[in-house]
Amino acid sequence: MAKGFTLETYPWAYTARFTEDKTWEEEYIENPHKSPAEEEKMSPDEFSALLQKRNSFPQLPLVNYTTQYGMGCFEGLKAFPQKDGSLKMFRPDENGARMNKSMSGLLMPAFPEDLFLDAVRKVVRKNMECGFKPVYDPEWEKDNYISGHSVYLRPFTYSEPAIGLGVSQFPWVVIVATPVGTYFAPGNSKALVTDKSRATPNGTGWIKCNANYVIPIIAKKQAALAGYMEAVFLDSIEQKYVEEGSSCNIFFKLKDGTLITPQLGDTILPGINRKSVIELAGDMGVKVEERKVPITEVMEKADECFVTGTAAGVSYIESLTWNGKTAVFSGGNQGELTTELQKALKMIQYGAAEDTKGWMFSI
Ligand SMILES: *Cc1c(COP(=O)(O)O)cnc(C)c1O
């Protein structure tokens, strides 16, 4: 069973390679596995030896633009177990479109969106057919699916063999699936404003590329060593405006009821959960503003804060520390609007609320 967000890849994976004749050569790969029941009974050592095999792709080249220079991009999306035993994916069309944009941004041939949709669907289906899928548990209803499990899909690009500087002309697109429980460990949801810069104007902050993750991972680790769960980035020029969490978009509810989030631009990643939450909040009659978010304003006027992303869902931030000062939101507890939005989103995802927006895609 999934514990947090760890790599226990399911057996079936997908690869597509762009070839000289400008088509994508697709392959579904069945990596070594037993039945889920037999795997449950294996010793930790045996299971980790099996996973080792499952997590490696010997056909992919070791030395290439992706492993050497970070020239690659990726996506993250989830399939959620529904009460009727099926699985449904949340807005995979949006992920396909963003992957396409990211690949173009890195000057590689873009992966067609229809192939993306078909591939994520089939990877989930093939794993499901050999028993690898989360099983719907009515217990999850009690905490509005906060304890719910899902399948995490990770599509990513991988370049052809190369050592000189260059862009990938014949990339692979790989899709793997792994089970996932809740992402953030409960207990600590304190955030620290970092003085590092995640993204700079005219850079790559607007696409989901590997290289963007280097600085956030360092900042998050440093924040963790100082006792915080999350690092929050300000703009790189003035260090005045809030931009993002380490790999999540960020929202603040002001005391006057307005929900604010940084406006999109080339230093903000256009999150699909961000977009969905903005729409759900609007439906609830909340005034939402996408604009510049001064750190001084939220330190003083915000009474709720949360981050959004596929791995995190909607996760509250209990406090924000900046310049030696700490703002505590909702007395350190999860705020009401945060809870409402988290619940609304999860209910749609697990099929407990009607999907009136066409966000859920069947497998
Ligand atoms: C992936 C990502 C997000 C969240 O995007 P979702 O589509 O909601 O998962 C936010 N910020 C950064 C930097 C990201 O890479």
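Residues numbered from 1 in each chain as written. Predicted model: local features only at pLDDT ≥ 70, side-chain atom pairs only at ≥ 80, totals over all residues. Heavy atoms only, no water.

### Brief notes about the nonpolar core
Core analysis: the biggest nonpolar cluster contains 30 residues, and Met-103, Phe-111, Leu-153 and Ile-175 have the highest contact counts within it. Of all the secondary-structure elements, those providing two or more residues to this core are strand 1 (12-18), strand 3 (77-81), strand 4 (87-90), helix 4 (92-105), helix 5 (113-129), strand 5 (150-158) and strand 6 (172-180). By residue number, the principal contributor to this core is helix 5, which donates five residues. Other than its neighbours up to four places away in sequence, Phe-111 contacts Tyr-14, Ala-16, Trp-24, Asn-100, Met-103, Phe-116 and Val-173. Among the nonpolar cores identified, the runner-up in size contains 24 residues, and Met-229, Leu-234, Ile-250 and Ala-312 belong to it. (Core = buried A, V, L, I, M, F, W, Y, C linked by side-chain atoms within 4.5 Å. Buried < 20%, exposed > 50% of the residue type's maximum accessible area, 1.4 Å probe, protein only. Helix = DSSP H or I, 4+ residues; strand = E, 2+ residues; numbered from the N terminus. Contact = heavy atoms within 4.5 Å.)

### Quick notes on the environment of Leu-62
With respect to the helices and strands, the residue Leu-62 is situated in the loop between helix 2 (44-54) and helix 3 (65-69). Separated by 47 residues in sequence, Leu-62 and Pro-109 have C-alpha atoms that sit 21 Å apart. Beyond its immediate stretch of four places on either side in the chain, Leu-62 contacts Thr-67, Gln-68 and Tyr-158.

### Considering helix 7 (residues 272-283)
Here helix 7 spans 17 Å end to end across twelve residues, near enough to the 16 Å set by a 1.5 Å rise per residue. Among the residues of helix 7, Ile-272, Asn-273, Arg-274, Ser-276, Val-277, Ile-278, Leu-280 and Ala-281 are the ones counted as buried. Immediately beyond the C-terminal end of helix 7, within one or two residues, lies Gly-285, with a positive phi of roughly 85 degrees. (Expected span 1.5 Å × (residues − 1).)

### A short note on the pattern of salt bridges
Enumeration over the complete set of coordinates arrives at 19 salt bridges. Note that Lys-190 and Glu-318 form a salt bridge whose closest N and O atoms lie 3.3 Å from each other. Taken as a pair, Lys-190 in strand 7 (residues 190-194) and Glu-318 in the loop between strand 14 (313-316) and strand 15 (319-322) lie far apart in primary sequence, 128 residues in all. The buried category is assigned to Glu-318, whose relative accessible area is 13%. Measuring nitrogen to oxygen at the nearest pair gives 2.6 Å for the salt bridge that ties Asp-283 to Lys-357. Remark: Lys-357 occurs in the loop between helix 9 (336-349) and strand 17 (360-362) and Asp-283 occurs in helix 7; sequence separation between them is 74 residues. Residue classification places Asp-283 among the exposed residues on the basis of a relative accessible area of 51%. Residue Lys-357 is classed as partly exposed on the basis of its relative accessible area of 26%. (Salt bridge = Lys/Arg side-chain N within 4 Å of Asp/Glu carboxyl O.)

### Regarding the domain arrangement of the chain
When cut into domains, the chain gives domain 1 (12-180) and domain 2 (190-349). Inter-centroid distance (C-alpha atoms) of domain 1 to domain 2 is 27 Å. Every contact between the two is made by 24 residues of domain 1 and, on the other side, 22 residues of domain 2. Across the interface of domain 1 and domain 2, roughly 2,100 Å² is buried in total on both sides, 61% from carbon and sulfur atoms. The three residues of domain 1 that bury the most area against domain 2 are Phe-74, Phe-90 and Arg-98, which together make up 29% of that side's buried surface. Here domain 1 and domain 2 share one salt bridge between them. Close ionic contact of Glu-94 with Lys-275 constitutes a salt bridge, the shortest N to O distance being 3.0 Å. The interface formed by domain 1 and domain 2 holds nine residue pairs in polar contact (both at pLDDT 80 or more) in total. Counting only elements with at least two residues in the side of domain 1 that touches domain 2, the list comes to strand 3 and helix 4. (Domains from an automatic or database assignment. Buried area = accessible area lost by both parts, 1.4 Å probe. Polar contact = N/O pair within 3.5 Å; in protein donor to acceptor, adjacent residues only side chain to side chain.)

### With respect to the sheet that holds strand 10 (residues 249-254)
The strand order across the open sheet formed by five strands is 12-11-10-13-14, and the pairing between neighbours is mixed. What marks the edges here is a single partner per strand, and that holds for strand 12 (288-291) and strand 14. Sheet twist, expressed as the mean angle between neighbouring strand axes with direction ignored, is 25 degrees. Relative to strand 14, strand 13 (residues 302-309) is paired through four bridges, and the arrangement is antiparallel. (Pairing = 2+ DSSP bridges. Axes fitted to C-alpha atoms, helices over the stretch in contact; angles between N-to-C directions.)

### Observations concerning the sheet that holds strand 5
Taken in spatial order, the seven strands make up an open sheet running 2-1-6-5-3-4-17, and their pairing is antiparallel. Of all strands in the sheet, those with a lone pairing partner are strand 2 (24-30) and strand 17, marking the two edges. Across this sheet, the average inter-strand angle for adjacent strands is 25 degrees, counted without regard to direction. In the sheet, strand 4 pairs with strand 17 via three bridges, with the strands oriented antiparallel. Residue pairing across strands places Phe-90 opposite Met-360, the latter belonging to strand 17. Those strands touched by helix 5 are strand 1, strand 2, strand 3, strand 4, strand 5, strand 6 and strand 17, and its axis lies near 15 degrees from that of strand 2.

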